[in-house]
Amino acid sequence: MALHYSGARELLSAVQRRAVGGRRVLILSYHRVVADFAQEAKRSLHTLNIEQRTFRSHLEVLQESHEVVSLDDALSVLDGTRQAARDVAVVTFDDGYRDVYRHAFPVMRDLRIPGVVYVPSAFVGTERRLGHDRLFAALRRMQARGIGPMAVGVGNPGERWLIDAFEGNAEPQVALERLIARRPTPGLLKLADALEDRLGLSSWRPQEGELPMSWEMLREMDAQGIVTGAHTAEHTVLTNQRLDDARREIAQCKAALEKGLKKPVKHFAYCNGYYSAGVAQALKAEGFISAVTTEDMPNAPGVDPFALKRKVLWEGSSAGVLGLYSKPLIACQFDDTFGMLAVQKPVMGARPTNFGTAGRADAEQGISAHG
Ligand SMILES: [Zn+2]
């Protein structure tokens, strides 16, 4: 991985890749596509959201510079079995929110753009909220009411995790990122239960769009070229699990999705963008052919198909200096101008394989863009 590369090295290698003639593949990642960004920001994790009209503008700008293709076609460009006249792009969504069906799907269909929606299998067709949405609501409630990590009274290890997450008087968003990066997902789901209980949030009614898609919605999108990929069963950060547990969850989510969709599921997205050699090997063993990270770089021929790079976008990605939609800014994003100038350093997702006998899941790990 390019962790140790200086900006100059990165620029040089980008130029070299172009010199050898390979087409670049840009993979975009979105989460929720909402009707009204400002309204939705009051009640949900706003950095996952983009307004429908901004989303449409992104895709229109993208189509001017890139051939927007399916992930299968993009993989063929990367392995040299398919030629492309221009750089290609792939549009993906993580987490399987219902408003992807309601607000993104009509735009994709209208512009004839294929894509991938990566879903955590255990949520499909249920009314369950994702762990990060539940935790964010709880952390924000703690802040709003001035309730500290000890006063909230969840007991250990949750109390210790909260003290650590809020260190330096961190905002709820930062505390959430620290929890997800550092703690095992099953433990975080228990912490969400305890916090909701203590804060009186157990009967919280989420917005319809924050709920998961149904099997029918996924099948309807699939028929229009927006295929379903896997994103674990419980939205689990697999490198924070023992490898045996990660293997079990990978097999479980593939089987559940293939049963529900009645077709093979070949593509995977790492939760929080974190992966390891052991996890990638487990995906191959289960028959997956690709996996995406949240490492913000374009892909060039020769890239490992189990460590594909992706650019995570939300409403703020194209806000410009006045907070208005800025076409030049988003065109820069797609052209990777920021990456080439090393203005934005990609957060790398590679982690050691967790063969884990004991306690390893508490290891300190860096903060990642959410995947
Ligand atoms: Zn995710």
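Above this note sits the structure.
Given the structure is predicted, the values throughout are model-derived calculations rather than measurements.

### A short note on the pairing of strand S1 (residues 25–30)
Successive residues of a regular strand alternate their side chains across the two faces of the sheet. Taken across its 6 residues, S1 has 6 buried, putting it largely inside the fold. In S1, alternate side chains face the same way, and those of Val25, Ile27 and Ser29 on one face and Leu26, Leu28 and Tyr30 on the other are all buried. As judged from the 6 bridges shared by S1 and strand S5 (residues 88–94), these two strands associate in the parallel manner. In the strand pairing of S5, tyrosine 30 is matched with phenylalanine 93. As paired elements, S1 and strand S10 (residues 311–312) share 2 bridges and run parallel to each other. Within the sheet, the bridge partner assigned to serine 29 lies in S10 and is valine 312.

### Digging into the pattern of salt bridges
A full pass over the atoms with the stated rule returns 29 salt bridges. The partner of glutamate 40 in a salt bridge is arginine 43, with the nearest N and O atoms 3.4 Å apart. The exposure class assigned to arginine 43 is partly exposed, which follows from its relative accessible area of 29%. In this structure, arginine 310 and aspartate 94 form a salt bridge, with 2.8 Å as the shortest nitrogen-oxygen distance. Placement of arginine 310 in the loop between strand S9 (290–292) and S10 and of aspartate 94 in strand S5 is noted, with a sequence separation of 216 residues between them. Across this residue pair, the class does not change: arginine 310 and aspartate 94 are buried.

### Let's talk about the pairing of S5
With 7 of its 7 residues buried, S5 lies for the most part within the structure. Burial of the side chains of S5 extends over both faces: Val88, Val90, Thr92 and Asp94 are buried on one face and Ala89, Val91 and Phe93 on the other. Between the parallel pair strand S4 (residues 67–68) and S5, the chain is carried across by helix H4 (residues 71–78), and the sense of this crossover is right-handed. As judged from the 3 bridges shared by S5 and strand S6 (residues 115–119), these two strands associate in the parallel manner. Residue pairing in the sheet places threonine 92 in a bridge with valine 116 of S6. Following the backbone out of S5, through helix H5 (residues 98–110) and into the adjacent parallel S6, one traces a crossover that is right-handed.

Scoring rules and cut-offs
Along each chain, residues carry numbers from 1 onward, in the same order as the chain's sequence is written. Where local features are concerned, this predicted model is filtered to residues with pLDDT of at least 70; where side-chain atom pairs are given and counted, the filter is 80 or more; whole-chain, interface and lining totals use all residues. Each side-chain value is worked out from all heavy atoms of the structure, with water and hydrogens disregarded. When a residue's accessible area, from a 1.4 Å probe over protein chains only, is under 20% of the maximum for its type it is buried; when over 50% it is exposed; and in between it is partly exposed. Helix and strand definitions follow DSSP, with helices as H or I runs of at least four residues and strands as E runs of at least two, each counted in order from the N terminus. DSSP-based pairing: two strands are paired if at least 2 bridges between them are found. When a carboxyl oxygen of Asp or Glu lies within 4 Å of a side-chain nitrogen of Lys or Arg, that pair is called a salt bridge. The crossover handedness rule: strands pointing away from the viewer, path from first strand over the helix to second strand clockwise, crossover right-handed.

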